[in-house]
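Observations on the model geometry
Each chain is listed here by its residues.
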Amino acid sequence: MSPAPQKSPLPRGYSETVTSSPEDPSSPLAEDDREPALQRLREAYADGHLTHEEMDARLERVLTARTRGELSSALSALPAEPRGTTSTIAAAGGRILRRGAWRVPRDLKVASAYGKVRLDLSRAVFEQPVVDIRLELGTGGARITVPRDAVVEVDDLNTGWKDVRYRPGRLSGTGGQRIRISGTMGFGRLKIRHAWR
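Structure report, in brief. (Residues numbered from 1 in each chain as written. Predicted model: local features only at pLDDT ≥ 70, side-chain atom pairs only at ≥ 80, totals over all residues. Heavy atoms only, no water.)

Attention shifts here to the overall build of the protein chain. Each helix and strand counted, the protein chain has 4 helices and 13 strands in total. Burial statistics for the protein chain: of 197 residues in total, 37% are counted as buried. Within the protein chain, contacts between residues separated by at least 24 positions form 67% of all contacts whose residues are at least 6 apart in sequence. Accessible surface for the protein chain amounts to roughly 12,000 Å². Of this, 49% is attributable to carbon and sulfur atoms. (Helix = DSSP H or I, 4+ residues; strand = E, 2+ residues; numbered from the N terminus. Buried < 20%, exposed > 50% of the residue type's maximum accessible area, 1.4 Å probe, protein only. Contact = heavy atoms within 4.5 Å. Areas by Shrake-Rupley, 256 points an atom, 1.4 Å probe, with all protein chains shown as cover.)

The structure is reproduced here in structure tokens:
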């Protein structure tokens, strides 16, 4: 009987609980898991990597995918996303929402003039052990959920009318993901909380 295959070591900055779910191709998708895939298709099309017909076909596959495997298949053969650059999530109005097993780049900018921002990082996949999130918000508020053991820094965030509402968790500072939040809040408030598990 041949020995069981050994698992490859995880890259620095990844944890077992974060990476196990997105790697399971049979796990079902949450509706919010589609948005990063749609964004990647839009960027590939804008850069000339997809024809109009290919874009339409892949969009259909992303929108009808039911599992992570089907979603991954719809993104196959696309150029690798560049590392070391700032990714931007922006909306003039409406709500910006990210949750589930979405990938968080090293540098992330979130901009919204009027809408609310909801970032749930509790199940996110982090590319680096340190993440910089820059908020550029107008009248809307923001709520960010971080992993239980994450280290959160908000010293470089400029608040307009309302102070940040944040209380470090019991496991904060125990070697978890480091999240640095900077930028400018207008009239809204930033609320940060640690996930329960």
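Moving on, there is more to tell.
This model, assessed by the stated rule, comprises 5 salt bridges. A salt bridge links Arg106 to Asp132; its shortest N-O distance comes to 2.5 Å. Here the residue Arg106 occupies a position in the loop between β3 (103-104) and β4 (107-112), and Asp132 occupies one in strand β7 (residues 130-137), the gap between them amounting to 26 residues. A salt bridge links Arg134 to Glu136; the shortest N-O distance between them is 2.7 Å. Using a relative accessible area of 39% as the deciding quantity, one classes Arg134 as partly exposed. The exposure class assigned to Glu136 is partly exposed, which follows from its relative accessible area of 24%. Within this structure, Arg106, Asp107, Asp132 and Arg180 form a network of salt bridges that share partners. (Salt bridge = Lys/Arg side-chain N within 4 Å of Asp/Glu carboxyl O.)

This part is about the nonpolar core. A general tendency of soluble globular proteins is for nonpolar side chains to be buried together. Ranked by size, the top nonpolar core spans 26 residues in total, and within it Leu121, Ile133, Leu135 and Leu190 carry the most contacts. For this core, the secondary-structure elements that each account for two or more residues are β4, β5 (117-120), β7, β8 (142-146), β12 (178-185) and β13 (190-194). Beyond its immediate sequence surroundings of up to four residues, Leu121 is in contact with Trp102, Val104, Phe126, Ile133, Ile144, Thr145, Val146, Pro147 and Ile179. With 13 residues, the next largest nonpolar core counts Leu41, Ala44, Ala65 and Leu75 among its residues. (Core = buried A, V, L, I, M, F, W, Y, C linked by side-chain atoms within 4.5 Å.)

Our next topic: the sheet that holds strand β2 (residues 96-98). Sheet architecture is open: 5 strands sit in the order β2-β5-β8-β13-β11, paired in parallel fashion. At either end of the open sheet lies a strand with only one pairing partner, and these are β2 and β11 (165-166). (Pairing = 2+ DSSP bridges.)

One way to put it is that helix α2 (residues 34-46) packs onto helix α3 (residues 52-64) with a least axis distance of 10 Å and a crossing angle of 175°. Here α3 runs roughly antiparallel to α2, going by the angle between their axes. Contacts between α2 and α3 involve Arg34, Ala37, Leu38, Leu41, Arg42 and Tyr45 from the first element and His52, Met55, Arg58, Leu59, Val62, Leu63 and Thr64 from the second. The residue makeup of the contact of α2 with α3, split by class, is 8 nonpolar, 2 polar and 3 charged. (Axes fitted to C-alpha atoms, helices over the stretch in contact; angles between N-to-C directions. Parallel < 35°, antiparallel > 145°, perpendicular 65-115°, else oblique. Nonpolar A, V, L, I, M, F, W, Y, C, P; charged D, E, K, R; others polar.)

Our next topic: the environment of Lys162. Counting through the fold element by element, Lys162 comes out in the loop between β10 (157-159) and β11. Given the relative accessible area of 38%, Lys162 is considered partly exposed. Along the chain, Lys162 and Gly141 lie 21 residues apart, while their C-alpha atoms are 9.6 Å from each other.

Any functional reading would require information that these geometric values do not contain.
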